[in-house]
4 protein chains.
Amino acid sequence: MQSNKTGVWVIGALGSLGTTIVAGTRGIARGLSASTGLLTERPELAPLELPALQDLVFGGHDVRRGDLVTAAHDIHRQNGSLGYQLLQELESDLSNISREIRPGTAQGGGDAIEGLAEVPAAHASSRELVESLVRDLEEFRTRHSLARLIVVNLSSTEPPTDWTDAYRDRDALEAALDSTPPGTLRPGLLYTYAAFRAGAAYLNFTPSNSSLCPATESLAAEQQVPFMGNDGKTGETLVKSALAPMFKYRGLTVDSWMGYNLLGNRDGEVLAREENRQSKVESKDSVLSSILGYPLHSHVGIDYVPSLEDRKVAWDFIHFRGFLDYRMSMQFTWHGCDSILAAPVVLDLVRFADVALKRNESGPLLHLASFFKSPVHCEEHDLHAQFHRLTDYLSDSSHGSSSDPKAKH
Amino acid sequence: MQSNKTGVWVIGALGSLGTTIVAGTRGIARGLSASTGLLTERPELAPLELPALQDLVFGGHDVRRGDLVTAAHDIHRQNGSLGYQLLQELESDLSNISREIRPGTAQGGGDAIEGLAEVPAAHASSRELVESLVRDLEEFRTRHSLARLIVVNLSSTEPPTDWTDAYRDRDALEAALDSTPPGTLRPGLLYTYAAFRAGAAYLNFTPSNSSLCPATESLAAEQQVPFMGNDGKTGETLVKSALAPMFKYRGLTVDSWMGYNLLGNRDGEVLAREENRQSKVESKDSVLSSILGYPLHSHVGIDYVPSLEDRKVAWDFIHFRGFLDYRMSMQFTWHGCDSILAAPVVLDLVRFADVALKRNESGPLLHLASFFKSPVHCEEHDLHAQFHRLTDYLSDSSHGSSSDPKAKH
Amino acid sequence: MQSNKTGVWVIGALGSLGTTIVAGTRGIARGLSASTGLLTERPELAPLELPALQDLVFGGHDVRRGDLVTAAHDIHRQNGSLGYQLLQELESDLSNISREIRPGTAQGGGDAIEGLAEVPAAHASSRELVESLVRDLEEFRTRHSLARLIVVNLSSTEPPTDWTDAYRDRDALEAALDSTPPGTLRPGLLYTYAAFRAGAAYLNFTPSNSSLCPATESLAAEQQVPFMGNDGKTGETLVKSALAPMFKYRGLTVDSWMGYNLLGNRDGEVLAREENRQSKVESKDSVLSSILGYPLHSHVGIDYVPSLEDRKVAWDFIHFRGFLDYRMSMQFTWHGCDSILAAPVVLDLVRFADVALKRNESGPLLHLASFFKSPVHCEEHDLHAQFHRLTDYLSDSSHGSSSDPKAKH
Amino acid sequence: MQSNKTGVWVIGALGSLGTTIVAGTRGIARGLSASTGLLTERPELAPLELPALQDLVFGGHDVRRGDLVTAAHDIHRQNGSLGYQLLQELESDLSNISREIRPGTAQGGGDAIEGLAEVPAAHASSRELVESLVRDLEEFRTRHSLARLIVVNLSSTEPPTDWTDAYRDRDALEAALDSTPPGTLRPGLLYTYAAFRAGAAYLNFTPSNSSLCPATESLAAEQQVPFMGNDGKTGETLVKSALAPMFKYRGLTVDSWMGYNLLGNRDGEVLAREENRQSKVESKDSVLSSILGYPLHSHVGIDYVPSLEDRKVAWDFIHFRGFLDYRMSMQFTWHGCDSILAAPVVLDLVRFADVALKRNESGPLLHLASFFKSPVHCEEHDLHAQFHRLTDYLSDSSHGSSSDPKAKH
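Residues numbered from 1 in each chain as written. Chains lettered and ligands numbered in written order. Predicted model: local features only at pLDDT ≥ 70, side-chain atom pairs only at ≥ 80, totals over all residues. Heavy atoms only, no water.

**Q** Is there a simple way to explain the overall build of chain A in this structure?
**A** The helix and strand tally for chain A stands at 14 helices and 11 strands. The C-alpha atoms of chain A give a radius of gyration of 21 Å, which matches the 22 Å a tight globule of 409 residues would have. Summarising its shape, the C-alpha atoms of chain A cover approximately 70 × 50 × 50 Å along the three principal directions. Scored against the burial criterion, the 409 residues of chain A give a buried share of 66%. Once local pairs closer than 6 in sequence are excluded, the contacts in chain A between residues at least 24 apart make up 79%. Accessible surface, chain A as shown: approximately 13400 Å² in total, 46% of it carbon and sulfur. (Helix = DSSP H or I, 4+ residues; strand = E, 2+ residues; numbered from the N terminus. Rg over C-alpha atoms; globule rule 2.2 N^0.38 Å. Buried < 20%, exposed > 50% of the residue type's maximum accessible area, 1.4 Å probe, protein only. Contact = heavy atoms within 4.5 Å. Areas by Shrake-Rupley, 256 points an atom, 1.4 Å probe, with all protein chains shown as cover.)

Next up, the structure:
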């Protein structure tokens, strides 16, 4: 007999973000922490029948060895964002969930990601590798009698992938899986393929463009599963997309918008590599001219500052012209903590994806665009317009009946 | 025979803002300056039949002596926001318009405003005073054969007015005009009364609450004229109303939002007085809790920094809590120039009000809420939601017919 | 037989700063924490014969009930500045030292300070009260066979005291002690008097001006003990005094220097009172014109922001003129933690004061001016010039012999 | 008969800085502008017998065509830092001085600098080229009967020069001049050589390391002329060198100091090239670890933001650790105008160099170290310590007699 449990499979489960999600969910579920930051805890969303936090079952892949207890204490020491007493009370939860983490794959992820890998590369072909990933998911589903399964990609940013045939075409992809050694195809592609094969919803929280591509999307269509991505919008870009419309509303011409991101965690370390940074910069940079409607002098800097640990400091300088072309400026500094900002967004996404699965919605979940820096199949970057899509969906939902699922594409 | 000209009567015509509006309008009309900052110059608004900038005829009241040429050169020296060469080319325009400026009234405006007055107090009663204001407007209309007339209040901020009967009731107001000496009623009340008596549309760009009150609004209803206010939203509050929704969308709890405004012009000097500042602070302070939906620790400081002249520097510090109640912060600094930011907003408001007059719309123009810090008869403070009201109005307008004016209240 | 121990008696021992000093000293002494922030741990100061941290014995007065274990855990929860594991290891140290804390006096400290008091007012006259304070100090000295005793005032800021005869004249003070009820004289005066009576060195780390005044200084002279104050320089004022000389070196004219301090701890709560804030503002405000050599438009704002807890955020805006009187600006934001910044300064002061006691130096310790916002008997506010006084003293010390103590006034 | 005039020969005379220096000097000399920003106008320096501003005669080299009148009006339009009315009154001065500008050389300066050149390359060999530069200087001296001559290098930043034999050895340099075609040696080397050959004092206000090198310094020694460099310290680095000592005084450990410079003028355009930026970054980067005494994670970013014109915005983020290794931060934003900040520094340097020439001082003028980012032959980077060298020199000077010149090396 099937339970009402929803599986949440995290790629990169031992990272700061993965650890914070698991610890936070368990802390809230046990009544030890407040649910601050979770949109889905608002009373007006009750009619949606979102999954309860205690019904989320966690597992995941990671390329590093380790366990959630150690990872969580590291976070405590670095940022204090996970409290010592909370971790003491969650120790057995974290130990148990650690046992649900399987070795992932870094092969083909580029030098930075491969350099992080501590698990051995154990497969003879791409096919063998990807089938082992599928098996991990299916065993997880069976082991916990899961009603629904959602895969979230939180792994480090890959360098941009040039879409060869294997990414553009389902048959070519299958052929490549059969004929190539591990390391030929990006991990992001393999994880997504495995998720869709296992009938899971898929959320790409990284900028890696190997993940949602024509080949995997055609598989999703065949499997009738929903997905969304790319790249969670949680910090500087979030502010940009909230603020840029203001300049448009007032007819102020933005000449230059210079943004500098300082970060210190593993994300920062990987993004210190030029090729990996490229994926992130592209994802962040398209927002402004899209909202403003004209080209401008913009810059997105990302610098690694180890002492910041998981904290992030971003400074943006905006140089604009008003009446009579007089120049003025605005600047902001954002002092955030990456995992703390991203964790509730991931949980909200997971819960909305769960609703989509229940309703048999498939394809890109465009009502979730406000949560992504580069929402797939969506040209809208204005945060407010994006958010209205969600409120429209929610208000349709509360009136609509579950026997009439709304197709989203 | 009536022309197609629209009169723009400015209360506080010799101030930085009044001077910048006049110089800028003439500069753009003469092709000497770009129209940056004017929403109403966008090509998609052409169907609205907005008045051409060259069809705006300026006049106004001021309590100081002086002329626009001198005032404009002062601005040049202080900020450079009006270029020396531009002023040379506009010299005769500015001289001519200076002749349309009549003595205003400061009596009853509080110590700070009365201290600015250089024109003698020449009337025996409130009635005599207000009738002279009406006469100024009517003569202006006749002298230039104006098709429509719009009064804009740009005068210094009055202390908050306790609404006595004269403000709450039309008959009580008429009685007070007849029975009291000048100085009993606030200038803001008298100017608004005069505007409505002269059949003008009225825009209250200051926070002074004596202006739009039940007594004057009932006169506007009788005269079938439109109006809007209070307090132009051009700087720190504009940013607040663009940014605060972001925290709501992400479930981030704002604990404290501290704002500090440094300004150096006459506005700053007047607002250095506790009683006048109070009007401004109240106007700015309601925005946040209205958008966020909960009370928070907030502060609006206004300090006079003479060296800034017409420039304004505002610093806001936002302290918020995310997942697991972890505290983070954001800060922004706004470096604006008050008159440069406000002038195009006033011009946009004037042109939209002119459209309303043409269409016989009356009452509060709620579609203009995005331009005000404390929009009357409007609880919405979210900049984006406010702006959508304008775009809805504009898109209705382009389809609707002028024989079917939309009642706004 | 006398030990080589130095007593450190803290007025306000249970406050954030007092607690941080005790926990930090014990943590470092036990090898659990690094000695970051302590100037006196530099190897080049070894010849000075500074007291070892393990030889410092703590006690103190406080007007609140409570103990250091609880206070330290409150700090952990609020800022994380005292680590949970550290506190577990220090539990018995903190318990033991808590037993050395005696009831202080709030009477006469103004409404804010009196409002904090939880210990009963138990004395019939000022004389009886002050003698009980002296007794606390003498018993502490005897109980631990202390070689030397230093009293540090870390209590909340009093309102400014108008120096009546009791503050200006030793005999008048003694008479007032005999003839007045408790609450007539400021606590700061009584604590200082008690310290000098007990032969202790005295450090006034608060701005309260009742502490070091002619009446108490004449007692210090009689007792041949050293002292220094007022008001520890640890945050925004420290930055000001480092930065202002730069403008002087470059001939840049500072027109306006506006400073805003946001703080959230008990200090912030007390300083939210206008009368208490006044002491702080005066202490902070004299620095700039003293360094720059001309009057300028300056402002020191202090606002209470409860969510900040012991953290402090200060924003300073500096508007200056350069060549051809062109205006430019600089701004800085300081994100500090008050107790963390102040604790090592207090420890350094204590250790330097101990050296002074050993050398029989007495009177104001002018070489410690760099640590105070309003150094007594010292007109120099330039941080660099102040610090050179310390390095000069230290280099004299390393050459000089202890049989030739340097008189400091 | 020789006059008492001092020649000021500016390499890069038509740049923003060169133009601002000339216009400002003439404006102050004619009583049209204040002398803000000039240290040398302080009354206490009167005994030094500094040259009067009206006795400075300007000429220079530039690789672009143009004249000072046009250049000055460009600056007016871009920043307003040179007032329109001032320029009208200085028109004939600027025209006259423009006639003293001769074609410079860009050959060998790297792609960016060569790309700016508008004057033809007209010489067959390095020797012929450099002799024409010497001739320009000597003719200038003769034409105006100058008593003393000072050459200031304000040209664009060259890429770092690898010191080959020609830079390390006087004879090798002479041989290279004879045997190589133009473009073999850096312009900075040739200008310096020419200055020393002409008996001029030389100030290298750029970071270009080709200028002051063993080969040119040995020529200076032979000619008995003084010099100083490199790279004027006027903005972000100035602030760094004022602020970094504060962290040292307090035992605060700076983990990271990230600096970002946004600039928009020709300097910005040249520095947008990686190879040229390198010279600047090296010059700016050594300051911190030198002052603090330990290595830290630091970064100096320079980005070109055309809309800023001659304005410069720099943001620095400083991450530091205090007591118990608790992390705190500070950030500052500097809004300057490069030419306005640099012009008075250049004038002060010129006047101090003139005093040195009068006193027959030669070699590096170490008392001028506070004005340079990378002072040659000087390890001291602390602004305050550097400035004390100047005040020591000045106070020696005021006591010393002119018959006893102080040798500076």
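**Q** When you look at the pairing of strand S10 (residues 327–337) of chain A in this model, what are you seeing that I'm missing?
**A** Regular strands show a simple pattern: their side chains alternate between the two faces of the sheet. Across the 11 residues of S10(A), 10 count as buried, placing the element largely inside the fold. Note that strand S9 (residues 311–321) of chain A and S10(A) share 11 bridges and pair antiparallel. Within S10(A), the position partnered with A:Asp316 by the bridge is A:Phe332. Connecting the antiparallel pair S9(A) and S10(A) is a turn made up of 5 residues, with A:Leu324 showing a positive phi of about 60°. Taken together, the 7 bridges between S10(A) and strand S10 (residues 327–337) of chain B define a ladder with antiparallel strand orientation. Among the inter-strand pairings, A:Met330 is bridged to a residue of S10(B), identified as B:Trp334. (Pairing = 2+ DSSP bridges.)

**Q** Quick question: what am I supposed to make of the state of the cysteines here?
**A** Residues and elements named next belong to chain B. Here the structure, examined in full by the defined rule, presents 0 disulfides over all chains. Looking at Cys213, it has no disulfide partner, and the nearest cysteine sulfur is the one in Cys378, 19 Å off. Relative accessible area serves as the criterion here: at 1%, Cys213 is assigned to the buried category. (Disulfide = S-S within 2.5 Å.)

**Q** Help me out: how do you make sense of the nonpolar core in this one?
**A** Among the nonpolar cores identified, the biggest contains 256 residues, and C:Leu243, C:Phe247, D:Leu243 and D:Phe247 are the most heavily contacted of them. In contact with D:Phe247, other than residues within four places in its own chain, are D:Leu252, D:Val254, D:Trp257, D:Leu292, D:Ile318, D:Phe320 and D:Met330. Formed by 255 residues, the second largest nonpolar core is a distinct cluster that contains A:Ile150, A:Ala198, A:Ala353 and B:Ala176. (Core = buried A, V, L, I, M, F, W, Y, C linked by side-chain atoms within 4.5 Å.)

**Q** Help me understand the interface of chain D and chain C, please; the structure alone is not making it clear to me.
**A** The figure often quoted for interface size is the accessible area lost as the parts come together. Across the boundary between the two partners, chain D contributes 58 residues, which contact 58 residues of chain C. Together chain D and chain C conceal approximately 4800 Å² of surface at their shared face, both sides included; 68% is due to carbon and sulfur atoms. Ranking the residues of chain D by area buried against chain C places D:Tyr249, D:Arg250 and D:Phe323 at the top, with a combined share of 20%. For the interface between chain D and chain C, the tally reads 0 salt bridges. Our count for the chain D to chain C interface comes out at 19 residue pairs in polar contact (both at pLDDT 80 or more). For the side of chain D that touches chain C, the elements supplying multiple residues, two or more each, are helix H1 (16–29), helix H10 (236–249), strand S9 (311–321), strand S10 (327–337), helix H13 (338–358) and helix H14 (383–399) of chain D. The element contributing the most residues to the side of chain D that touches chain C is S10(D), with 10 residues. Considered class by class, the residues forming the side of chain D that touches chain C number 31 nonpolar, 20 polar and 7 charged. (Buried area = accessible area lost by both parts, 1.4 Å probe. Salt bridge = Lys/Arg side-chain N within 4 Å of Asp/Glu carboxyl O. Polar contact = N/O pair within 3.5 Å; in protein donor to acceptor, adjacent residues only side chain to side chain. Nonpolar A, V, L, I, M, F, W, Y, C, P; charged D, E, K, R; others polar.)

**Q** How do you make sense of the relation of the copies chain D and chain C when you look at a structure like this?
**A** Two copies of one chain are present, and they are related through a rotation about an axis combined with an axial shift. At an RMSD of 0.0 Å, chain D and chain C line up after a rotation of 180° and a shift of 0.0 Å along the axis. Put plainly, the chains are arranged around a two-fold axis. Of every C-alpha in chain D, the one belonging to D:Phe332 sits nearest the axis of rotation, 2.0 Å from it. Counting the interface residues of chain D, we find that 100% of their copies in chain C are interface residues as well, pointing to one common contact surface. (Least-squares fit on C-alpha atoms with pLDDT ≥ 70 in both.)

**Q** Honestly, the relation of the copies chain C and chain A in this entry has me stumped. Any pointers?
**A** Once chain C has been moved 0.0 Å along the axis and rotated by 180°, it coincides with chain A to within an RMSD of 0.0 Å. Both copies share a contact surface, since 100% of the interface residues of chain C are interface residues in chain A too.

**Q** Looking at this model, I keep getting lost on helix H3 (residues 84–98) of chain D. Mind explaining?
**A** For an α-helix, the turn length of 3.6 residues means that residues three or four places apart are oriented alike. The sharpest bend along H3(D) reaches about 60° and sits at D:Leu90. Listed in full, the buried residues belonging to H3(D) are D:Tyr84, D:Leu86, D:Leu87, D:Leu90, D:Asp93, D:Leu94, D:Ile97 and D:Ser98. Where H3(D) is buried, its residues touch helix H3 (84–89) of chain B together with H1, strand S2 (56–62), helix H2 (68–79) and strand S3 (101–103) of chain D. (Bend = angle between axes of the 7 residues up to and from the residue.)

**Q** Could you clarify how one ought to interpret the environment of D:Asn261 in this entry?
**A** Residue and element names in this part refer to chain D. Checked against the element boundaries, Asn261 lands in strand S7 (residues 253–263). Accessibility expressed as a relative area gives 2% for Asn261, which makes it buried. Taking the C-alpha atoms as reference, Asn261 lies 34 Å from Asp93; in sequence the two are 168 residues apart. Each residue touching Asn261, except ones within four places of it in the same chain, is listed here: Glu236, Lys284, Val300, Gly301, Ile302, Asp303, Lys312, Val313 and Ala314. In this structure the side chain of Asn261 is engaged in a polar contact, spanning 3.1 Å, whose partner is the side chain of Glu236.

**Q** Before we go on, may I ask you to explain the confidence of the model for chain A in this structure?
**A** Segments scoring low in pLDDT should not have their predicted coordinates read at a detailed level. All names here are of chain A. When the pLDDT values of chain A are averaged, the result is 92; 96% of them are 70 or greater. Overall, residues 399–409 carries pLDDT values under 50, and its contacts beyond four positions in sequence, including any with other chains, amount to 12 contacts. For this predicted complex, the interface confidence score (ipTM) comes to 0.94, while the overall pTM stands at 0.95. (pLDDT = per-residue confidence, 0-100.)

**Q** What am I meant to see in the sheet that holds strand S2 (residues 56–62) of chain C here?
**A** Two pairing modes exist for strands in a sheet, parallel and antiparallel, and in both the strands are linked by backbone hydrogen bonds. Residues and elements named next belong to chain C. The parallel open sheet is built from 7 strands, whose spatial order is S3-S2-S1-S4-S5-S6-S11. Every interior strand has two partners, whereas the edge strands, strand S3 (101–103) and strand S11 (363–364), have only one. Both strand S1 (residues 6–11) and S2 contribute to a ladder of 6 bridges, which runs parallel. Residue pairing across strands places Gly7 opposite Val57, the latter belonging to S2. Against the sheet, helix H8 (residues 187–197) touches S1, S2, strand S4 (148–153), strand S5 (201–204) and strand S6 (226–229), its axis set at about 155° to S5. (Axes fitted to C-alpha atoms, helices over the stretch in contact; angles between N-to-C directions.)

**Q** Sorry, what's going on with the packing of aromatic side chains here?
**A** The geometry of an aromatic ring pair comes down to the distance between the two centres and the angle between the two planes. Per the stated rule, a full pass over the model turns up 50 aromatic pairs over all chains. Ring geometry for A:Tyr260 and D:Tyr260: centres 4.7 Å apart, planes at 40°, overall tilted. Highlighted residues: A:Tyr260 in strand S7 (residues 253–263) and D:Tyr260 in strand S7, drawn from two different chains. In this pair, the class of A:Tyr260 matches that of D:Tyr260, namely buried. For the ring pair D:Phe196 and D:Tyr202, a centre distance of 5.8 Å and an interplane angle of 65° mean the geometry is edge-to-face. Of the two residues, D:Phe196 and D:Tyr202, neither departs from the other in class, the shared state being buried. Taken together through their ring pairs, the aromatic side chains of A:Tyr260, A:Trp315, A:Phe317, D:Tyr260, D:Trp315 and D:Phe317 make up a single cluster. (Phe/Tyr/Trp six-rings, centres within 6.5 Å; stacked < 30°, edge-to-face > 60°.)

**Q** What is the right way to look at the interface of chain C and chain A in this model?
**A** The interface is formed by 6 residues belonging to chain C together with 6 residues belonging to chain A. Here chain C packs against chain A, burying approximately 520 Å² in sum over the two surfaces, 51% of which is carbon and sulfur. Across the chain C-chain A interface, the total number found is 0 salt bridges. One can count 1 residue pair in polar contact (both at pLDDT 80 or more) joining chain C with chain A. Elements that contribute at least two residues to the side of chain C that touches chain A include exactly helix H3 (84–98) and strand S10 (327–337) of chain C. For the side of chain C that touches chain A, the element with the most residues is H3(C), which contributes 3 residues. Taken together, the residues of the side of chain C that touches chain A sort by class into 1 nonpolar, 5 polar and no charged.

**Q** Looking at this structure, how should I read helix H7 (residues 170–179) of chain D?
**A** Residue and element names in this part refer to chain D. Of all the residues in H7, the buried ones are Arg170, Leu173, Glu174, Ala176 and Leu177. Projected down its long axis, H7 shows its buried positions confined to an angular sector of 160°, all on one face. Turned more than 90 degrees off the buried face of H7, the exposed positions are Asp171 and Ser179. In this structure, the buried side of H7 is in contact with helix H5 (126–143), helix H6 (165–168), helix H8 (187–197) and helix H9 (214–223). The N-capping residue of H7, defined by a side-chain oxygen 2.8 Å from the backbone nitrogen of Asp171, is Asp169. (Arc of directions from axis to C-beta.)

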